[in-house]
Amino acid sequence: MTYRAPLRSLALALQTAGHPALIGHAFTDLDEDTVAAVLEAAGAFCESELAPLNRGGDQIGAKYANGKVTAAPGFAAAYQAFVAQGWNSLSADPEHGGQGLTKAMELAVFEMTHAANMAFGLCPMLTQGAIEALTLHGTARQKALILPKLVSGEWTGTMNLTEPQAGTDLAAVTTRAEPDGQGGYLLHGQKIFITWGDHDAADNICHLVLARLPDAPPGVKGISLFLATKRLVDDQGKLGDPNDLRPGSIEHKLGIHGSPTCVMLFEGAKAELVGEVNNGLAHMFVMMNAARLQVGVQGVAIAERAFQQALAFAQERKQGRTAWGGDGIFGHPDVRRMLTLMKAKIEAARAICITTGVLADLARLAPTEAERAVAKARQELFTPIAKAWSTDVGVEVASLGVQVHGGMGFIEETGAAQHYRDARIAPIYEGTNGVQAIDLAGRKLAMQDGAIMDALCAEMNETAQVLKGAAGLESVGARLDAGVAALERATDWMLAHKGADALSGATPYLKLAGDVIGGWMLGRQALAVSGGEDDWAKSKATLARVYAGQVLAQAPGLADGVMDGGADLESLSAEVLGS
């Protein structure tokens, strides 16, 4: 199954997110024609170079032997082509060799990368997080010698948090960092689930590692961040001997087989401190937050790939007479229903993620301090929704893709099952979706006493009123109006309740927020192309109506579930599961 980059849909998501205005005032050398050319070139690379490797990456995967990892067939060469064409350095600071483009453009390129080959895309994705962490917290030496190599893609980056006993609870990290008496440190410990922790696609790997100093206080306040490279780097930036770290094995996983997920052993590895002593978790969160938005984009990407395959299969598969004519399953109303819902949710999730990227750009580059503060606050509100809601969409759409294939979807031969297997990791890593819901309900919602969500709801309500008066979109406006009211009601309840009650309602609340924001995004897109004569433009109003009828219509009941589940979950779960 071939992949086709959804360039027009990406352009519309950028447009309605405010990207043209952003580049108009903050990027004087960038115009919309250049943006389109960049995306077109990236799409062509992903279609021709990365997508053909996806199936082999799944079937053969990365290999571990004799203490070393070999990338899946073709991946190393494809990575070298990826960095040679500059796709690794899009949004990085030109001071460190980057192209200085927008974060939103980077996300659009990475959507295509992940859709073409999700396992491959994880390598540069983790490097982007390392770039952001070192840009903000790296030492002068790290910025001079390490950062430019990461930006160029000559070296890759990893994030080393998890240990066998320390997953979400990073307070349990036990990896030790001992002073070496020369201003550096020696790392001792084991990390697990390290994405692209070892490979042969680049000359060096830069590991960002959470560890404890001997005199560190207990808990998360005693964690520091360190940089340890696979090969040592001298003061001129040249590579030296191998460091005392190695992969102990690679994991055998449900999906993303082309991505080597390593157990990493640090056996006295030489390392440098990044940032402040005992403030490592805060520094690492720069990398984690960057990765969370990228993982949300992964959800969109794998959904797009699954949808394209399911649509092609439905149009080709012959299977008896149908209600809407012909002998292909595309003529069955329920198959059309699934495909249309898949498409609507993909467009909504894409818009949420791209908008979050534009907000990240505006938080740095908006004209006034007040505008930057508003953008930053909304970005923080959107990030857990972008990660969790979009990756749930990825799993749902990939599952529907298997369903459209029927029995052939359950057979590995068609490739539909791979998308489902690959999609399933995204709601888990970079902070489970339950953690994202807790973050939204426990921290982001409470910012400014709920004023950020209030302002968002007011803006969505304005769009609902416009939609009510737009020909063909009246039902979308009415559903969005009711959805915003449901979200406001659930928000008031969440703000009024603390502790276990609020946390029990957190996951349905995040789903409700994502559902309503997604409907708002589709409504805005339909308005933006209103009057367009071609089928693609007309389809945006149809997608908004489908979404309104199948998703927004459920919002009032979901709001009830937030409140009922939050209030009663402890007693109900004790009755069902035992205390």
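Keep in mind the model is a prediction, meaning the values are calculated, not measured. (Residues numbered from 1 in each chain as written. Predicted model: local features only at pLDDT ≥ 70, side-chain atom pairs only at ≥ 80, totals over all residues. Heavy atoms only, no water.)

A. Focus on the packing of helix α9 (residues 333–365) against helix α17 (residues 535–550). It is at 9 Å that the axes of α9 and α17 come closest, and there the two elements cross at 100°. The orientation of α9 with respect to α17, classified from their angle, is roughly perpendicular. In this structure, α9 contributes Arg337, Thr340, Leu341, Lys343, Ala344, Lys345, Glu347 and Ala348 to the contact, and α17 contributes Lys540, Leu543, Val546, Tyr547 and Gln550. Residue composition of the contact of α9 with α17, grouped by class: 6 nonpolar, 2 polar and 5 charged. (Axes fitted to C-alpha atoms, helices over the stretch in contact; angles between N-to-C directions. Helix = DSSP H or I, 4+ residues; strand = E, 2+ residues; numbered from the N terminus. Parallel < 35°, antiparallel > 145°, perpendicular 65-115°, else oblique. Contact = heavy atoms within 4.5 Å. Nonpolar A, V, L, I, M, F, W, Y, C, P; charged D, E, K, R; others polar.)

B. Just the packing of aromatic side chains, in detail. The full count for this structure, using the stated rule, is 7 aromatic pairs. Between the aromatic rings of Phe75 and Phe120, the centroid separation amounts to 6.0 Å while the plane-to-plane angle is 70°, which identifies the pairing as edge-to-face. Within this pair, whereas Phe75 is found in helix α4 (residues 75–84), its partner Phe120 is found in helix α6 (residues 118–137), the two being separated by 45 residues in sequence. As far as burial versus exposure is concerned, Phe75 and Phe120 are alike and both buried. With centroids separated by 5.6 Å and ring planes inclined at 70°, the aromatic side chains of Phe82 and Phe120 adopt a geometry described as edge-to-face. Separated by 38 residues along the polypeptide, Phe82 in helix α4 and Phe120 in helix α6 bring together distant segments of the chain. Residues Phe82 and Phe120 agree in their burial class; the two are buried. Grouped by ring-pair contacts, the aromatic residues Phe45, Phe75, Tyr79, Phe82, Phe110, Phe120 and Trp196 constitute a single cluster. The aromatic ring of Phe330 is capped on one face by Arg336, whose charged end is 4.1 Å from the ring centroid. Directly above the aromatic system of Trp520 lies the positively charged group of Arg524, at a separation of 4.2 Å from the ring centroid. (Phe/Tyr/Trp six-rings, centres within 6.5 Å; stacked < 30°, edge-to-face > 60°. Buried < 20%, exposed > 50% of the residue type's maximum accessible area, 1.4 Å probe, protein only. Lys NZ or Arg CZ within 6 Å of the ring centre and 35° of its normal.)

C. Structural detail: helix α16 (residues 506–528). Taking 1.5 Å of rise per residue, 23 residues should cover 33 Å, and α16 covers 33 Å from first to last C-alpha, within 8% of that figure. With 18 of 23 residues buried, α16 is to be regarded as a mostly interior element. (Expected span 1.5 Å × (residues − 1).)

D. Empty space enclosed by the protein, seen in detail. Taken as a whole and judged by the stated rule, the model has 2 cavities of 30 Å³ or more. By volume, the largest cavity is sized at about 40 Å³. Forming the boundary of the largest cavity are Asn54, Gly57, Asp58, Phe75, Asn117, Ala119, Ile256, His257, Gly258, Gln418 and Asp422. Going through the elements one at a time, α3 (32–59) and α11 (416–423) are the ones with two or more residues in the lining of the largest cavity. A total of 3 residues in the lining of the largest cavity trace back to one element, the largest contributor, which is α3. Considering only residue class, the lining of the largest cavity consists of 3 nonpolar, 6 polar and 2 charged. By volume, the second largest cavity amounts to about 30 Å³. Forming the boundary of the second largest cavity are Ala306, Gln309, Ala310, Ala398, Gly401, His405, Ala416 and His419. Every element with two or more residues in the lining of the second largest cavity is listed here: α8 (280–316), α10 (369–405) and α11. Its residues placed into classes, the lining of the second largest cavity shows 4 nonpolar, 4 polar and no charged. (1 Å grid on protein atoms, 1.4 Å probe; cavity = no way out; pocket = protein on both sides within 12 Å on 5 of 7 lines; lining within 4 Å. Points joined across faces, edges and corners; volume = space filled by probe spheres on them.)

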